[in-house]
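Take a look at the letters that make up each chain.
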Amino acid sequence: MYNYSFIIPHKNCPKLLTHCVNSIPERDDVQIIVVDDNSDADKKPSIDRKGVEIILLDAEHSKGAGRARNVGLEHAKGKWLLFADADDYYNKDFLSILDLYINSSYDVIYFNFLYKDGKTGQNLKPLNFQKYFEDYDGSKYAQDQIKFLHNVPWTKMVSHEYIKKNNIFFEETINGNDIFFSIMVGYYTNNIAVEKAPIYVYLRNQNSILTTKENSKSALCRLIHLIKKNYFYDFIGHKEWKKNVSRRILIKIFSLGFPFVYDLVKNSRNMYQSRKEWVSMFYIL
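Residues numbered from 1 in each chain as written. Predicted model: local features only at pLDDT ≥ 70, side-chain atom pairs only at ≥ 80, totals over all residues. Heavy atoms only, no water.

Caption draft 1: Representation of the nonpolar core in the model. One finds Tyr-4 and Phe-6 to be the most contacted residues of the largest nonpolar core, which totals 72 residues. When neighbours within four sequence positions are excluded, Tyr-4 is seen to be in contact with Arg-27, Asp-29, Val-30, Gln-31, Gly-78, Trp-80, Leu-82, Leu-95, Leu-98, Asp-99, Ile-102 and Met-157. Leu-226, Ile-227, Ile-249 and Leu-264 belong to the second largest nonpolar core, which has 8 residues in total. (Core = buried A, V, L, I, M, F, W, Y, C linked by side-chain atoms within 4.5 Å. Buried < 20%, exposed > 50% of the residue type's maximum accessible area, 1.4 Å probe, protein only. Contact = heavy atoms within 4.5 Å.)

What follows is the structure, encoded as structure tokens:
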């Protein structure tokens, strides 16, 4: 039986993927699932190691990291689920820390990370949500910050049973597929542990979300996620976390121009309909 299932979506970065996989100890209780999202023929993963399963998605079934992660969920067999990006890696001896939680009854273990430059390996200025780990004091407000204000999957180890029980999955969108997965992972439980030790190493690489130039369609997708999060924060009583949507729209109009305005107007009806669906969904939770 596997104690851990690591799910790693991959596209066109086999060398970085190999480094990521090699940062995970080779143990009989470790399952690694690499889901290749229709990489170029010469950039598909090739890893010859026990416990590593590689799933290749063709162009017909390729829908980004969200689809790849969902496919990984379908194949996971471990007691605990962890999620990594192919261009990141885990800190040395990290499993010795996570092993402390193998037989715990927690639903989610949240853990800290390091933020480094992908070329130089130097530590970078901490991201805003790292302070939630550093300042964590166990209070209800601190728990809510950990659960709802950092919307990435790679800072958490989640009980597989808990995921299945609550039917939590990734959205298959062009970006932000992990936002509401992360929020829903936190929503259904207060049975969490927070590990302040840096388990994961997040790299700023050339093709990362933080460095990739945005286009109008990806900007619109981010705007929709922002609006949806605002409704959710309203619902859970944290209006102070809401972002100014009008200001964000004006910024995107200024930076992206007519293509963004066109996509915004074209999708306004769908966004209005989605608004009603989000409100209904949150108040059914």
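Caption draft 2: Expanded view of helix α8 (residues 216-235). Helix length check: α8, at 20 residues, gives a terminal C-alpha distance of 29 Å against a target of 28 Å (1.5 Å per residue), a fit within 8%. Structurally, the start of α8 carries an N-cap: the backbone nitrogen of Lys-217 is 3.2 Å from a side-chain oxygen of Asn-215. Immediately beyond the C-terminal end of α8, within one or two residues, lies Gly-237, with a positive phi of roughly 85°. (Helix = DSSP H or I, 4+ residues; strand = E, 2+ residues; numbered from the N terminus. Expected span 1.5 Å × (residues − 1). Polar contact = N/O pair within 3.5 Å; in protein donor to acceptor, adjacent residues only side chain to side chain.)

Caption draft 3: Structural context of the side chain of Ser-159. Here Ser-159 is to be found in strand β7 (residues 156-159). Its relative accessible area of 12% is what places Ser-159 among the buried residues. Looking at Ser-159, its side chain comes within polar contact range of the main-chain nitrogen of Glu-161, at 3.4 Å. Leave out the neighbours within four places in its chain, and Ser-159 touches Lys-79, Trp-80, Tyr-106 and Asp-107.

Caption draft 4: A look at the side chain of Asn-70. You can see Asn-70 is positioned in helix α2 (residues 64-75). Among the polar contacts made by the side chain of Asn-70, one reaches the side chain of Glu-172 at a distance of 3.1 Å.

Caption draft 5: Focus on the packing of aromatic side chains. Within this structure, the stated rule accounts for 23 aromatic pairs. Look at Phe-113 and Trp-154: their rings are 5.1 Å apart centre to centre, the planes differ by 85°, and that puts the pair in the edge-to-face class. Placement of the pair is Phe-113 in strand β6 (residues 108-117) and Trp-154 in the loop between α5 (140-148) and β7, with a sequence separation of 41 residues. As far as the burial class goes, Phe-113 and Trp-154 line up, both buried. Residues Trp-154 and Tyr-202 carry aromatic rings whose centres are separated by 4.5 Å and whose planes lie at 25° to one another, so their mutual orientation is stacked. (Phe/Tyr/Trp six-rings, centres within 6.5 Å; stacked < 30°, edge-to-face > 60°.)

Caption draft 6: Representation of the pairing of β7. Residues of β7 alternate between two faces, with Lys-156 and Val-158 on one and Met-157 and Ser-159 on the opposite face, all of them buried. The pairing of strand β4 (residues 80-83) with β7 spans 3 bridges and is classified as antiparallel. Bridge pairing in β7 places Trp-80 opposite Ser-159. (Pairing = 2+ DSSP bridges.)

Caption draft 7: How the structure looks around the sheet that holds β7. Pairing is mixed across the open sheet formed by 8 strands, whose spatial order is β3-β2-β1-β4-β7-β6-β8-β5. Single-partner strands in this sheet number two, and they are β3 (52-57) and β5 (89-90). As paired strands, β6 and strand β8 (residues 192-204) are joined by 10 bridges and run parallel to one another. Bridge assignment links Tyr-115 to a residue of β8, and that residue is Tyr-202. Against the sheet, helix α1 (residues 14-22) contacts β1 (4-10), β2 (30-37), β3 and β5, and its axis sits at roughly 170° relative to β1. (Axes fitted to C-alpha atoms, helices over the stretch in contact; angles between N-to-C directions.)

Caption draft 8: Representation of the state of the cysteines. In total, this model carries 0 disulfides according to the counting rule given. No disulfide involves Cys-20; its nearest neighbouring cysteine sulfur is the one of Cys-13, lying 8.9 Å away. Judged by its relative accessible area of 0%, Cys-20 is buried. (Disulfide = S-S within 2.5 Å.)

Caption draft 9: Examining the pairing of β6 more closely. Counting buried residues in β6 gives 9 out of 10 residues, a clear majority hidden from the surface. Bridge count for β6 against β7 is 3 bridges, and the pairing is antiparallel. Within β7, the position partnered with Val-108 by the bridge is Val-158.

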